[in-house]
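Okay, here's what each chain looks like letter by letter:
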Amino acid sequence: MSYYFNICSTAKYQEAYITFLLEHFVQLNLPYSFPVSLSYLSSPLFMEKESILFRNPDDEIIGAIGYIHGTGDQNYENEHIVQIQTVYIKESYRNSRLFLQASQFLAQYLAQLKQPVTELRFWIPAQPNLQRLCAKSARKVAVQDTDHGVIEEYVMDFTHWHDDLMKYPHEIYF
């Protein structure tokens, strides 16, 4: 099955992105209060950065990635660091192939930006299955206890991640 990816560069796509994530808010299982979760989900739109929609051949939205450039502790001036704010794929579409294709799309897109990306960062709920997946390409650098559970921060070198992803055959549709 072929999947398609859209950069949310217009108001129409941005609305579809936030609507999709809000429709699946419960399934996201975010370890934050609703206001904090909403700020993470919407930050790619408010900070005028990118978000990406995944679509099936019927043009149905089946997933999304949202990210920002820079970190809060550096007033978002360190734009060579990309923070992934959210990744969600509908359960019936969760498989290694779609995750690989989405990752390849993101890697290729970030690699062609004028401002080079050197590092990716993201937070996950401290769950064994997610920890095993993330440990394959990233290193855990922080653990934080929140009111809604324990979360872990992971960091990975962009060039290494990009090169690893491109070893796999890929066909990406825009």
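Notes on the structure follow. (Residues numbered from 1 in each chain as written. Predicted model: local features only at pLDDT ≥ 70, side-chain atom pairs only at ≥ 80, totals over all residues. Heavy atoms only, no water.)

### So, the sheet that holds strand E4 (residues 81-89)
Threshold: Two strands qualify as a pair provided DSSP detects at least 2 bridges between them. For helices the rule is a DSSP run of H or I covering at least 4 residues; for strands it is a run of E covering at least 2, with both sets numbered from the N terminus onward. For helices, the fitted axis covers only the stretch in contact; all axes are lines through C-alpha atoms, and the angles between them, taken along N-to-C directions, range from 0 to 180 degrees.
Pairing is mixed in the open sheet, where seven strands are placed in the order E1-E2-E3-E4-E5-E7-E6. The open sheet terminates on both sides in strands that have one partner only, identified here as strand E1 (4-7) and strand E6 (139-146). Across this sheet, the average inter-strand angle for adjacent strands is 25 degrees, counted without regard to direction. Strand direction decides the pairing type here: E4 and strand E5 (residues 119-125), joined by four bridges, are parallel. Across the sheet, the residue bridging to glutamine 83 is arginine 121, located in E5.

### Focus on the packing of helix H1 (residues 11-23) against helix H3 (residues 34-46)
The criterion, for reference: Any angle between 65 and 115 degrees counts as roughly perpendicular, while under 35 counts as roughly parallel, over 145 as roughly antiparallel, and the rest as oblique. In this scheme the crossing of two helices becomes right-handed for a clockwise turn of the near helix relative to the far one and left-handed for an anticlockwise turn of less than a right angle. Whether two residues touch is decided by their heavy atoms; if any such pair falls within 4.5 Å, the residues are in contact. When residues are grouped by polarity, Ala, Val, Leu, Ile, Met, Phe, Trp, Tyr, Cys and Pro land in nonpolar, Asp, Glu, Lys and Arg in charged, and all others, Gly among them, in polar.
Look at H1 against H3: their axes get within 10 Å of each other, and the N-to-C directions meet at 155 degrees. Of the possible angle classes, the one that applies to H1 and H3 is roughly antiparallel. The two elements H1 and H3 meet at a crossing, and its hand is right-handed. Each of Gln14, Tyr17, Ile18, Leu21 and Leu22 in H1 lies in contact with H3, whose residues at this interface are Phe34, Leu38, Leu41, Ser42, Pro44 and Leu45. Considered class by class, the residues forming the contact of H1 with H3 number nine nonpolar, two polar and no charged.

### Overview of helix H6 (residues 158-165)
Here is the rule: Any residue under 20% of the maximum accessible area for its type is buried, any over 50% is exposed, and the rest in between are partly exposed; the area is computed with a 1.4 Å probe on protein chains only. Throughout, the arc means that of the directions going from the helix axis to the C-beta atoms. Each polar contact in these results corresponds to two N or O atoms within 3.5 Å; when the atoms are within protein, one needs to be able to donate a hydrogen and the other to accept it, and residues that are neighboring in sequence are counted only if both atoms are side-chain atoms.
Phe158, Trp161, His162 and Leu165 are the residues of H6 that are buried. Taken around the axis of H6, the buried residues stretch over an arc of 100 degrees, which confines them to a single face. Lining the buried residues of H6 we find helix H4 (96-111), E5 and strand E7 (149-157). With a side-chain oxygen positioned 3.3 Å from the backbone nitrogen of threonine 159, the residue opening H6 is aspartate 157.

### Quick word on the pairing of E6
With seven bridges joining them, E6 and E7 adopt antiparallel strand pairing. In the sheet register, aspartate 145 faces E7, and the bridge partner there is valine 150. Between E6 and E7, which pair antiparallel and follow one another directly, the connecting turn spans two residues.

### Let's talk about H4
As a reminder of what qualifies: The length a helix should cover is 1.5 Å for every residue beyond the first.
Between the first and last C-alpha of H4 there are 22 Å, a value that for 16 residues agrees with the 22 Å anticipated at 1.5 Å per step. Against the buried residues of H4 lie E1, strand E2 (51-55), strand E3 (61-69), E4, E5 and H6. The N-capping residue of H4, defined by a side-chain oxygen 3.0 Å from the backbone nitrogen of arginine 97, is asparagine 95.

### A look at the nonpolar core
Going by this rule: The definition of a nonpolar core used throughout is a set of buried Ala, Val, Leu, Ile, Met, Phe, Trp, Tyr and Cys residues joined through side-chain atoms within 4.5 Å.
Counting 30 residues, the largest nonpolar core has Phe54, Tyr67 and Leu110 as the members making the most contacts within it. Core analysis: the next-biggest nonpolar cluster, separate from the first, contains 12 residues, Cys8, Tyr17, Ile18 and Leu45 among them.

### What to know about the side chain of serine 51
Residue placement: serine 51 occurs in strand E2. Every residue in contact with serine 51, bar those within four places of it in the chain, is listed here: Asn6, Ile7, Cys8, Tyr17, Pro44, Leu45, Ile65 and Gly66.

### Topic: the environment of phenylalanine 25
Tracing the backbone shows phenylalanine 25 in helix H2 (residues 25-28). Overall, the relative accessible area of 21% leaves phenylalanine 25 in the partly exposed class. In this structure the C-alpha to C-alpha distance between phenylalanine 25 and leucine 38, which are 13 residues apart in sequence, comes to 9.2 Å. In contact with phenylalanine 25, other than residues within four places in its own chain, are Leu30, Phe34, Ser37 and Leu41.

Shape descriptors only; they carry no functional weight alone.
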